[in-house]
Structure formats: structure tokens, C-alpha cells
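The chain contents come next:
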Amino acid sequence: MDLSPILISMKTACTAIFFTFFLGLLVALITVRLKSEKIKMVLDGILTLPMVLPPTVAGFFLLFIFGQKRPVGIFLNSIGIKIVFNWTATVIAAVVIAFPLMYRSARGAFEQVDENLIFAGRTLGMSEWEIFWRVIMPEALPGVLSGGILAFARGLGEFGATAMIAGNIAGKTRTLPLAIYSAVAGGNMEEAYGYVAILVVFSFVIVVLMNVFANGRRKGRKHG
Amino acid sequence: MSLYVDIHKKLGAFSLDISFDTDREVRGILGASGCGKSMTLKCIAGIVKPDEGRIVLNDRVLFDSEKKIDLTPQQRRVGYLFQNYALFPGMTVEQNIGIGIRGAAAGQKKQKTVEMLETFDLTDLAKRYPGQLSGGQQQRVALARILAYEPEVLMLDEPFSALDTFLKEQMHFEVQKMLKVYTGDVLMVTHSRDEVYRFCDSVVIMDRGRTVEQGEMKELFAHPKTITTAKLSGCKNFSAAEKRGDHLVYAKDWNVLLQSTAVVPDAVQMVGIRAHEFVPEKTRPETNGFHLRVYDVSEGPFEVSVRMTAEGNDPEDDRRLIWWKTDSEAWKGRFRENMPEYFRAAPEAVMPLTD
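Residues numbered from 1 in each chain as written. Chains lettered and ligands numbered in written order. Predicted model: local features only at pLDDT ≥ 70, side-chain atom pairs only at ≥ 80, totals over all residues.

Chemist: Residues and numbers for the overall build of chain B, please.
Modeler: Along the backbone of chain B there are 10 helices and 21 strands. C-alpha extents for chain B along the principal axes are approximately 75 × 50 × 35 Å. Burial statistics for chain B: of 355 residues in total, 41% are counted as buried. The long-range fraction of contacts in chain B, counting pairs at least 24 apart against all pairs at least 6 apart in sequence, stands at 65%. (Helix = DSSP H or I, 4+ residues; strand = E, 2+ residues; numbered from the N terminus. Buried ≥ 20, exposed ≤ 12 C-beta atoms within 10 Å, placed from the backbone. Contact = placed C-beta atoms within 7 Å.)

Spelled out as C-alpha cells, the structure:
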């Protein structure tokens, strides 16, 4: 069994989640603070789009932006950054597709923080910075982290957009989902079983870890 | 020590338009839910910004729409006890109390926290988290946290609404104790006349975002001038009214002419009589007499409520019933078996009311 898809997938997922996590968190914070409900709704629609569109459509848009004959692609090429059909593209695809999960979870977590806690912090003289780190973040953390874990898992499983923009180059852009597809297409079922097993076990462990973490935290609050 | 408030705010169809001032006292803000009481406190705290007006606390302008002054909540030094206490769930009792102690050196902060823990009998709970505390304990932590902050005005938003009856009565004493220690102004928002009566020197009556009446609490409760005040102070019986003389008013719903010690205003709309004020009589009284027939009875542990139909009214009409309340001893001993037909309401008890 070729181990390179496993390594490529892990590398991609780990790099992608770094960007997804902080980007999603930041954008969630900005949207929560927006005053205008209308702008909020439109922005939310755009930011959620990659999650509801077929990944191939998202991939199509990515090609449209980063394609070698498009302005952005030409510019990046001129400074020596190659995107399309390179490993970087697998990361971009994973970030774009997993971003809405992170953003929505984080936004939900922030919105669920009891407003009165924030007001209480203010009337008690706490600075906005202090309120954010000592009140809002601890309250929102479980939701933010579970969003991060979900986004990681989604990035790991990304197929459609990756195929569109990164292609399926063995040893370079062939992630686990693409390797499974290729193995099955080539009638190589044995190899496919191996990859599938790895992906299933890994995803399952992630979700269980997430639950353990969320539960542990809740218990610590109530009884510990 | 004084607080001056005069604010206007529009929120969709609702508009808040309230003004009052306090001077070293416990002032109640009494009104039905949704009348804008909490909104008023939030404006004073700086959580909500009024459209127009002025808020002055101890000669410090907190808000002035004309001069474009709008201090942040952090600068206002007001203590706000939230209905749900708003304790920080991720901090221990000790940390919650310490968070508001500002500017003091670390050593003093520690000392002050310990002091507050002792005052509110929380020393044993210092390391616990709010989620591990009972409602009463949570309230004590919230009070300790506010007092440790040393605010210039203390605002209590429905402080007992989250507690069950038993705890509520216990907390009445705790809060009373605290109010004795605290020297600044206190504003207590509530919909309960009972709480206003227990804690407040004076009261502002609010209805649909407006100040209806304000003044010394006992005086206002004894002689309400408006229907809202009478209702909020617990009056149960209201009848549409017509002026018939300076001290004479006709109660249309009860078909009686009533004498009142109060001057009947030209704009009188209703007349109110408290349920306790009806006195049973053996024969038809010459003035302020009622001939009533029992409609139904509700027996409580200490008090019995009887609803009655006035002479000349349809016995099935339950909109114009007269409430009479008597203690259950008297009810069991005398009235249950031998229900009086005639009642009298003293002229002092007849309250002519305007809108």
C-alpha cells in the first residue's frame, strides 16, 4: 500500500485547519459585532456558500480565481507561487470547504454567550479586552473547539474541490479521498479497503475525542 | 448622593419616557412586566443608549445628549444586579467577587475579597463555581461582587424573581441587611408591591414606558391617584365612575353612589376600593352601602377571597364582581355559615382615580 496519500492528507489537513481555525474565528467575531442585520445576513450567506454548494462548484470558482491564466494566478506565478495542481491547492480547497463549519460553529458559540455576562463585566469596570478573554472566550471555547474539530475532519475528507484545483497527482496532490477514488477506479479494492479503514477510524476517533472533551468540561463545571 | 434621570428612547412601537431623581434613599421602580423598568436601568448603566436626555450621578454627568456626553459603563461606577445574577461561570466565587475590585494593590484586593466572603457568609464556598451553588447562594455572590466594586448607585433588577418562596423570604432579610450597610442610592426594579413595601422609601410608578406617579411610598400606596398605581398597589376592585360632587362619585359598575374623603377630580374615570376595606353590616348602611351576593369563594391558608355580585347586576356577569378579603379565622368563625348581605366601604377607602 502506498503510504504517500496518508502523509499528504495529514499534512494538508493540519496545515488547512491552522488557517481555517483562525480565519473562521476572526470572521465569526467580526460578524457577531456587526450592527446592521442586513449586512450580517448577506455576509453570512456568502460565507456559508462553500458549505452548501457542491464542492465541484467551489472548486470551479477556485480555478476561476487561481487559474494560471487568471490575474491572481498570473500574479502569484510571477512571484514564484504555484497553486493549481500543486500541494498548496489541496490546502486551499480544504480551507475553503471547511471554513463555513468553523465560522458557523464559532459564531453560534459567541452568540450563545449570555449578554448579561458581558454587561455585568462592563458595569464591573472590566475592559473590553478583559471581558473577551476572561468571560466570552471561556464560555465560547467548547463551541469554538468543536467547530475546529469538525472543520479538521471535513478538511481531511475533502474531495470535489481538491480534484478540481489540485488534481489527482500521486505523491503530490493525491489525498486519501482521491486515493480511494483512484484505487476503486483502477479495480484495486484491497488498497481502497486500507485507505477507507484508516479514514473511518481516524474520523471516528476525532468525533469521540470531541465528545469526551465537551463532556469533561461540562462535568468539571457542574460537580468538580 | 443623588441620581437624576430624564431620558427618552424609542424602540419600534415602544417609547420610553421617564424622569425622576433620588436622594440618598431606596427608590422602587414599580410597573407591570414590559413597561420599560429594566430598560431604564440599562440606560443608567450605559448598556443601552437613550435617544435623548440627561443622567447625572452625584454631580457627575453620565449622559447628556445635548453636550454629547456618554460615559462607558466602565466609567459610570454603577452596580447592576441582574435578574439572573450574571455570575461568570468559569470563575470561582472568590474570583467573581475579586473581579470588580479595581485599582487597589493586589494585597488589598485579596483582603477585600476575604472581607466580602465573610460578610455574605460565603467563605466555605470561595473555591466553588457558580454552577455548583443554589439560587440563594448565587444571589449572595452577586451582591458581594457588586458591593466589592463600591458603586455609587446600586441597581437591583427584579432581585427576587429567580427564587422560590422559601428562599425569597430568607433573601429579603439578606438584602435588607445589605441595604443598611450600603450608603449610596439604591434603585430597585420590581413588579411586586410587596417588595416595594418592604424595601423602598419612595417609588416611581411606570406604565408603558412612562412615569405615572412618583413620591413617598407609603403615601402613594395609601392615596393612589391613578388607576395604574392603584392596581400595582394591590387594589382589586375598580368601577367606571362619574363625578357627582366634590366628594361624591357614582360607581357605574356597582350601581352605588359613594362618598369619598378625597376630592373627586373632574377627569375621574374609575373608582377603586381595596378588597380589605369592605366591612360587613347587619342592616343596609345609610352611606356607601353595598348589597352583595356571593359569586364564589377561594380559601387560602390565612386569607379568604370572596367574589360577590352587586345588587342590580346580572349574577352571571363575572366582569363586575367585587372582591372582599377577610382573614380565615373570621371566615371560619363567623362568615362561612352566616354570610353577610350588606357591606360598607368607609369614605376614606373610596379612591377616585384618573388614567
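Chemist: Residues and numbers for the overall build of chain A, please.
Modeler: Scanning chain A from N- to C-terminus turns up 10 helices and 0 strands. Across chain A, helices and strands are ordered from the amino to the carboxyl terminus as α-α-α-α-α-α-α-α-α-α. Dimensions of chain A, computed from the C-alpha atoms along their principal axes, are close to 65 × 45 × 30 Å. For chain A, with 224 residues in total, the buried portion stands at 38%.

Chemist: Tell me about the environment of valine 350 of chain B, and please be specific about residues and values.
Modeler: Residues and elements named next belong to chain B. Topologically, valine 350 is positioned in the loop between strand 20 (342-345) and strand 21 (351-353). Take valine 350: there are 23 C-beta atoms within 10 Å of it, and that puts it in the buried class. Residue contacts for valine 350: discarding those within four places in its chain leaves Val249, Leu258, Gln259, Ser260, Val271, Ile273, Asn288 and Ala345.

Chemist: Go over the nonpolar core with me, naming the residues and quoting the values.
Modeler: Membership of the largest hydrophobic core comes to 74 residues, with the highest contact counts inside it found for Ala144, Met155 and Met188 of chain B. Once you skip the residues sitting within four places of it in the chain, alanine 144 of chain B turns out to touch Ile97, Met116, Thr119, Phe120 and Leu122 of chain B. (Core = buried A, V, L, I, M, F, W, Y, C linked by C-beta atoms within 7 Å.)

Chemist: Give me the lowdown on the interface of chain B and chain A, citing residues and values where you can.
Modeler: Taken together, the 20 residues of chain B in the interface contact 16 residues of chain A. When contributions to the side of chain B that touches chain A are tallied by element, the ones reaching two or more residues are helix 2 (73-76) and strand 7 (78-81) of chain B. When residues of the side of chain B that touches chain A are assigned to their parent elements, the largest contribution, 3 residues, is made by strand 7 of chain B. For the side of chain B that touches chain A, the residue count by class is 12 nonpolar, 7 polar and 1 charged. (Nonpolar A, V, L, I, M, F, W, Y, C, P; charged D, E, K, R; others polar.)

Chemist: Explain the confidence of the model for chain A to me, using residue names and the numbers behind them.
Modeler: Per-residue pLDDT for chain A averages 90, and the proportion of residues at 70 or more is 96%. Between the elements of chain A, mean pLDDT differs from a low of 81, seen in helix 10 (residues 189-222) of chain A, to a high of 95, seen in helix 9 (residues 176-185) of chain A. (pLDDT = per-residue confidence, 0-100.)

Chemist: Talk me through the sheet that holds strand 16 (residues 278-281) of chain B; I want residue IDs and the actual numbers.
Modeler: Whenever strands of a sheet pair, they do so through backbone hydrogen bonds, lying parallel or antiparallel. Residues and elements named next belong to chain B. The 5 strands lie next to each other as 16-20-17-18-19, forming an open sheet whose pairing is antiparallel. The sheet is open, and its two edges are formed by strand 16 and strand 19 (322-327), each paired on a single side. Taken pair by pair, the neighbouring strands of this sheet meet at an average axis angle of 50 degrees, ignoring direction. Pairing between strand 17 (residues 289-299) and strand 20: 3 bridges, direction antiparallel. When the sheet's bridge partners are listed, glycine 289 is paired in strand 20 with arginine 344. (Pairing = 2+ DSSP bridges. Axes fitted to C-alpha atoms, helices over the stretch in contact; angles between N-to-C directions.)

Chemist: Give me helix 2 (residues 37-52) of chain A: which residues, what numbers.
Modeler: Between its first and last C-alpha, helix 2 of chain A extends 22 Å over 16 residues, near the 22 Å set by a 1.5 Å rise per residue. The element helix 2 of chain A is largely exposed, with a buried count of 1 among its 16 residues. (Expected span 1.5 Å × (residues − 1).)

Chemist: Outline the pairing of strand 11 (residues 210-216) of chain B, listing residues and values.
Modeler: Residue and element names in this part refer to chain B. With 6 bridges connecting them, strand 10 (residues 202-207) and strand 11 associate as antiparallel partners. Across the sheet, residue valine 203 finds its bridge partner in strand 11, namely glycine 215. Linkage of strand 10 to strand 11, two consecutive antiparallel strands, is achieved through a turn of 2 residues, within which arginine 208 is found at a positive phi near 45 degrees.

Chemist: Talk me through the packing of helix 5 (residues 135-148) of chain B against helix 6 (residues 165-181) of chain B; I want residue IDs and the actual numbers.
Modeler: Working note: a packed helix pair is described by the angle between its axes plus the distance between those axes. Residue and element names in this part refer to chain B. Where helix 5 meets helix 6, the closest approach of the two axes is 10 Å, and the angle between their N-to-C directions is 15 degrees. Judged by the angle between their axes, helix 5 and helix 6 are roughly parallel. Between helix 5 and helix 6 lies a crossing whose hand is right-handed. The segment helix 5 lies against helix 6, with Gly135, Gly136, Gln139, Arg140, Leu143 and Leu147 engaging Leu167, Gln170, Met171, Glu174 and Met178. Classifying every residue of the contact of helix 5 with helix 6 gives 5 nonpolar, 4 polar and 2 charged. (Parallel < 35°, antiparallel > 145°, perpendicular 65-115°, else oblique. Left-handed = near helix turned anticlockwise from the far one by under 90°.)

Chemist: Mind laying out the sheet that holds strand 14 (residues 256-259) of chain B, listing which residues take part and the relevant values?
Modeler: Residues and elements named next belong to chain B. The strand order across the open sheet formed by 5 strands is 14-13-12-15-21, and the pairing between neighbours is antiparallel. Where the open sheet ends on each side, the last strands, each with one partner, are strand 14 and strand 21. Averaged over neighbouring strand pairs, the angle between their axes works out to 40 degrees when direction is ignored.

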